[in-house]
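If you want the building blocks of each chain, they are given just below.
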Amino acid sequence: MGEKKASGNKITGFFKWLAADIADIGTTFTDGSWKTKLSYLIMGGGQLLRGQYARGIAFLALECGMLWFIFGFGMNYLKDFLTLGTKGRGFNPDGTISYGDNSFFILLYGLLTIIVIIALILVWRLNLRDNRNSERLLKEGKHLPSNRKDLHSLLDQNFDKTLLALPLLGIFVFTALPIIFMICVAFTNYDFNHQPPAQLFQWVGLENFRNIVTVGGKGNFGGTFFTVLLWTLVWAFFATFLNYFLGMGVAILINKKGVKLKKLWRTILVMTIAVPQFVSLLYVGKMFASDGLVNSYLIKWGIIEKAIPFWTNPTYARILIIVINLWIGIPYMMLIATGLLMNIPADLYESARIDGANQFQMFMKITLPYMLFVTGPFLLTSFIGNLNNFNVIFLLNQGQPQSMKLTGGAGYTDLLVTWLYKMTINDTNYKMAAVIGIMVFLVTAVISLVVYNFLPSVKDEEGFQ
Amino acid sequence: MKAKKRAGLTVTYIVLILISIIWLFPFFCLVLQSFRSYQGEFGGMVNYLVPKKFSLDSYKFLFQEGSQYTRWYTNTLIIAFVTALLQTIVVICVSYALSRMRFAGRRALMNVWLVLGMFPGFLTMICLYFLLKQLGLTQAGAVPGLILINVASSGMGYYVCKGYFDTIPKSLDEAARIDGASRAQILVQMIIPLAKPIIIYTALVSFMAPWCDYIFASYVAFGHSDSYNVAVAMQRWVWTNDYQGYFTRFCAGGILVAIPVTILFMCLQKYYVEGVTGGAVKG
Amino acid sequence: MKRKALSIALAALLTAGCFSTVSVSAEDYGSGEIKIWVAEEVKGFTDEKVAEFMEANPDMAGYTVTTEAVGEGDAATNMITDVHGGADLFGFAQDQLARLVSAGALTPIMGENAEWVAAQNDAGASAAATLGDMIFAYPLTSDNGYFLYYDKSVVKDPSTLEGILADCEAAGKGFYMEINSGWYQTAFFFATGCELSYETDEMGNFTAANVNYASPEGLAAFKKMIELSESKAFNNGSSISNAANCAAIVDGTWDSSAAKDLFGENYACAKLPTFNVDGTDYQMSGFGGFKLLGVKPQEDAGKLAVCQALAKYLSGEEVQIARYEGNGWGPSNLAAQQNDAVKADEALSALAEQLAFTVPQGQYPNDYWTLATSLGDSVISGDYKGASDDDLMAALQDFQDQCISFAE
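This structure is a prediction, so every number in the text was calculated from the model and none was measured.

Asks: Would you take a moment to explain the overall build of chain A for this structure?
Replies: Along the backbone of chain A there are 20 helices and 2 strands. Seen through its C-alpha atoms, chain A measures out along the principal axes to roughly 95 × 80 × 45 Å. By the burial criterion, 52% of the 465 residues in chain A qualify as buried. The long-range fraction of contacts in chain A, counting pairs at least 24 apart against all pairs at least 6 apart in sequence, stands at 64%. Total accessible area on chain A stands at roughly 21,700 Å², and carbon and sulfur atoms take up 70% of it. Placing the 38 positive and 26 negative side-chain charges of chain A at their respective mean positions leaves the two points 4 Å apart.

Asks: Would you mind showing me how to read the interface of chain B and chain C here?
Replies: Reports often express the size of an interface as the amount of accessible area lost when the parts come together. Of the residues lining the interface, 25 residues belong to chain B; the matching set on chain C comes to 28 residues. At the boundary of chain B with chain C, the tally comes to 1 salt bridge. In this structure, K133 of chain B and D82 of chain C form a salt bridge, with 3.1 Å as the shortest nitrogen-oxygen distance. The interface formed by chain B and chain C includes 14 residue pairs in polar contact (both at pLDDT 80 or more).

Asks: Even after reading the chapter, I still don't get the pairing of strand β6 (residues 137-145) of chain C, so can you show me in this structure?
Replies: Each regular strand shows side chains that alternate between the opposite faces of the sheet. Residue and element names in this part refer to chain C. Within β6, 9 of the 9 residues are buried, which leaves it mostly tucked inside the rest of the structure. Pairing of β6 with strand β16 (residues 287-295) involves 6 bridges; the strand directions are antiparallel. By the bridge assignment, Y138 is partnered in β16 with L293.

Asks: Help me understand unusual backbone geometry in this model?
Replies: All names here are of chain A. The omega torsion of the bond from P196 to P197 falls at 5°, within 30 degrees of zero and hence cis. Within the secondary structure, P197 sits in the loop between α7 (159-185) and α8 (207-213). With omega at -10°, the peptide bond leading from Q400 into P401 counts as cis. As for its position among the elements, P401 is in the loop between α17 (390-397) and α18 (416-425). Its identity is not glycine, yet L261 carries a phi of approximately 60°, on the positive side.

Asks: What am I meant to see in the domain arrangement of chain C here?
Replies: All names here are of chain C. What the domain assignment reports for chain C is domain 1 (30-144 + 289-352) and domain 2 (147-285 + 365-405). Distance between the C-alpha centres of domain 1 and domain 2: 29 Å. In this assembly, 17 residues from domain 1 lie in contact with 18 residues from domain 2. Summing the contributions of domain 1 and of domain 2, the shared interface buries around 1,400 Å²; its carbon and sulfur component is 61%. Of all residues in domain 1, N144, A347 and A350 bury the most surface against domain 2, accounting for 28% of the area lost on that side.

Asks: Please explain the side chain of D191 of chain A as it appears in this structure.
Replies: All names here are of chain A. Structurally, D191 is set in the loop between α7 and α8. Here K431 takes part through its side chain, which lies 3.0 Å from a polar atom of the side chain of D191. Sequence-distant contacts of D191, defined by excluding residues within four places in its chain, comprise T428, N429, Y430 and K431.

Asks: Before we go on, may I ask you to explain the interface of chain B and chain A in this structure?
Replies: In this assembly, 96 residues from chain B lie in contact with 100 residues from chain A. At the boundary of chain B with chain A, total buried surface from both sides reaches about 8,600 Å², with 79% on carbon and sulfur atoms. One can count 1 salt bridge joining chain B with chain A. Here R177 of chain B makes a salt bridge to D156 of chain A, at a shortest N to O gap of 2.9 Å.

Asks: Can you walk me through the sheet that holds strand β13 (residues 267-270) of chain C in this structure?
Replies: Either a parallel or an antiparallel arrangement is found when strands of a sheet pair, and the pairing is made through backbone hydrogen bonds. All names here are of chain C. The strand order across the open sheet formed by 5 strands is β11-β8-β12-β7-β13, and the pairing between neighbours is mixed. Only two strands of the sheet have a single partner each, and these edge strands are β11 (234-235) and β13. In this structure, strand β7 (residues 147-151) lies alongside strand β12 (residues 246-251), joined through 4 bridges in antiparallel fashion. Residue pairing across strands places Y150 opposite A248, the latter belonging to β12.

Asks: Teacher, can you tell me more about the side chain of D255 of chain C here?
Replies: On the secondary structure map, D255 of chain C appears in the loop between β12 and α10 (256-263). One buried charged side chain, D255 of chain C, makes no salt bridge at all; its nearest oppositely charged neighbour is K291 of chain C, positioned 9.2 Å away. Residues contacting D255 of chain C, with those up to four places away along its chain left out, are N241 and Q244 of chain B together with Y149, S238, S239 and I240 of chain C.

Rules used throughout
- Residues numbered from 1 in each chain as written.
- Chains lettered and ligands numbered in written order.
- Predicted model: local features only at pLDDT ≥ 70, side-chain atom pairs only at ≥ 80, totals over all residues.
- Heavy atoms only, no water.
- Helix = DSSP H or I, 4+ residues; strand = E, 2+ residues; numbered from the N terminus.
- Buried < 20%, exposed > 50% of the residue type's maximum accessible area, 1.4 Å probe, protein only.
- Contact = heavy atoms within 4.5 Å.
- Areas by Shrake-Rupley, 256 points an atom, 1.4 Å probe, with all protein chains shown as cover.
- Lys, Arg positive; Asp, Glu negative; His and termini not counted.
- Charge placed at Lys NZ, Arg CZ, Asp CG, Glu CD.
- Salt bridge = Lys/Arg side-chain N within 4 Å of Asp/Glu carboxyl O.
- Polar contact = N/O pair within 3.5 Å; in protein donor to acceptor, adjacent residues only side chain to side chain.
- Pairing = 2+ DSSP bridges.
- Domains from an automatic or database assignment.
- Buried area = accessible area lost by both parts, 1.4 Å probe.

Right under this line is the structure:
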């Protein structure tokens, strides 16, 4: 109830702020000098006339660049945004092809254009505010900051802008824009039958989402989705916690008083981190094939009669994947635990020993609570990392075995991400891949939110400092 | 009491030795396989461990005339080096800005990045491919293209580095600012030297990642074999039917990849431990 | 609606093609680059033949031709992902034809060229390059079928499946067959007389399915598959390179040199064996398939003409014989098939013997291959162990219903 109220307040607050902001634009215009008024049309005009060339040129360049992009390029795509193109390709009498609209680029550049338009409005607003501030300063009889000072501030007070400009641009173009694009794809029919440049695709609303939650019926996408989701969660749980406890165990073993060659043991274990996984995991996967080394030697030694179906039996495959993952995961946790275990004050153990506690009791009462407390955030990130642990699954057995009970090429050891990958590469079923991607996001977000509420230390960022 | 302690130690040693055998066995096999001759014996999978005759055929194959292995290796080295360099710079920039400076929208920015990070990376593969293609950075341009992709989004991986920056007392900054140093000077002259371990960690991790990148790299190279990296080229030897009997060559090539990466890792292990431990605690 | 308009346009093209023969005059071929994707093993060979072609046609010298080693599977995947970025000429296995056409990666072949393809190649090969009434590719080989390679020191009599399995089991060796592939699976189902085929239009859409797996014949085949999967000697696979304990393998001509390496002097091959269910013998069947060379749709008439001419040359009689001699690819060209060396080839004659029992492979939707893998995986993982006939029939019915649902 309280939360609802708060969010309600936030919304009304936003509209109040928006109204005030628009009013401010008006008063800036009416109260402003002709230099400020000029800036409403030509951004940076006011700044240039006041001698603030650095700012003026920056604003002007931004305006020119964005307008050129919007009208010279983006509008061609944006105009078809609602239909995603209508003109198909056609063959000419001489056998050559004439391509029509390309839905992919209409969607991608349409989105980009919308974003640039929004950015233009924001820059325009920033430009007005800058004009108003300058005017105020001048009215108060103060000097405007010089160009030199403006530029120098980019290395000092405004250093954050310098530092973040390129990373932000990179993340926008190569992470944010593609994600927004793929979210849009989830609402289209972009798949093997609707593939540009030969074919067009269209908006289809929520059809794909309906498809993925419908259990039974044609294709039974829903049933498969929930099977894969469940295994993804089970896998992430075991992969995280087994590695966590066994890794800690190994660290305790190595750190034990009197054990020599500590460095050697550690070095042997971290080999699995150092050697690229596409070599090591691929090979280990082959070792467990029906005719692989393990089965061959077991048969040769007469231990088993018939090869163990490690990868073809769903249950065996799932267990084996979790076990092999220990091979990769234990060293990682061992390294972390080694450092942290040394931080536990030795006198804690000393006094426990005097009280007559045995090793196990000391672990349960001292070591474990400390480790759990310190590595709480790590467990969360590691759980989320395992939800998306593509390499282990894909290099070991590509999500096999498939089954008549599952659809869309999914196998019993497929995680949502490996399934997504198969849909993209094998089936070029981009619409369903996009839907699965959104589902992965939802799962991750829900888990993170829940855990965040359990872990107060994560929320309090400044608390660390 | 002493006997009990000794027994405990013996058990520990036995467990450690067992673990070591399990951990090293696959690598041992891999090395043995790479010495099997694909000419004299058989280049595919076999069900015995020790080659009947040891030979260097598979290694010779990698460097014989007409083999592109060195080309792929060089590509990967270039990608790894440049990515490590640029990515480290980006991460330092972002971490410093987020750790030391307070600006409007900082919290929001971090939250947006957190949300973006919750989408699986493979989701956007097709879109990234076409974006790169528009820039001419696929096929023949795949190497710079991959570097661009690796570096462009690396700003979002600031957690560990920022966490470390947070532990450097802010009073140091303030003292320097009173002495007239600008923010930029503080970053270059003070923070970077103090944060050496985490910077080495960042560089090491970003150097190692491209060696294992075969999914997106093969997408971007798009059949242009001059632009392959080692992982892309060699996984074809195992996974496509066009390459029969290339398994021992795969093992040999894989070992040549693993050796330098492993040596580098072992040398910088200390920093790696510092990084992951710090990262684990800070989340 | 749009599709219909397009097929009318295509039909118009077909008629137009009859009189618009190579209308480009010698001078205006223009210039540019032509990219070819072929399998690694024939890259060097293709380079050589392209050079010969360019020498013989100086009027096309404005074009620089580059070849890249891209396997048939990768080539199709890449072309489907990005037609613009893909090669102008590319080799692929016929099962991808419909997908490639649907993705707009193949230009229709018309007029003289179409007649040439139909006249020069065996009927199966030209049918494999046809969708609806339109030819979309130039056949390269007719050897994309499978038969049996075996170690004659282990397998004494390769004529029955039961015998082969008994020999392998006794020797502790493996019998390899990729029964979780829709391609190899048909060896069982077609053997007992089942049918599975699709009808397509020239857009690459599947319009109808003819399938009767849910029948007594299907049941017999299915039971044998299950029985095979339970044998100690059975291994799922069709790659010699990955077969670590192999005494017999169902595989194709492309693996013949690897098979010779593996079996050494015990190398032998034969048609597929027969199998026995409830007292009846069935000869294993399967697909006879083809490799094709496709030309990407072009916006420039000159380039299109050069690409077509080059594709024609690379799939012609002379080059097919040379490709057989260099790499052992069995020709689809009728004249080349009569070549003495081709006729004498051991692997190819085993294949030829097997081809008598196979069904020429038509077009199948991508979903079929996925579904067949699921069926095979279900068999291998023991889902149907000890299942009653009714249960098996229900599984086949499910399979059949899904197959039908793929044809819109």
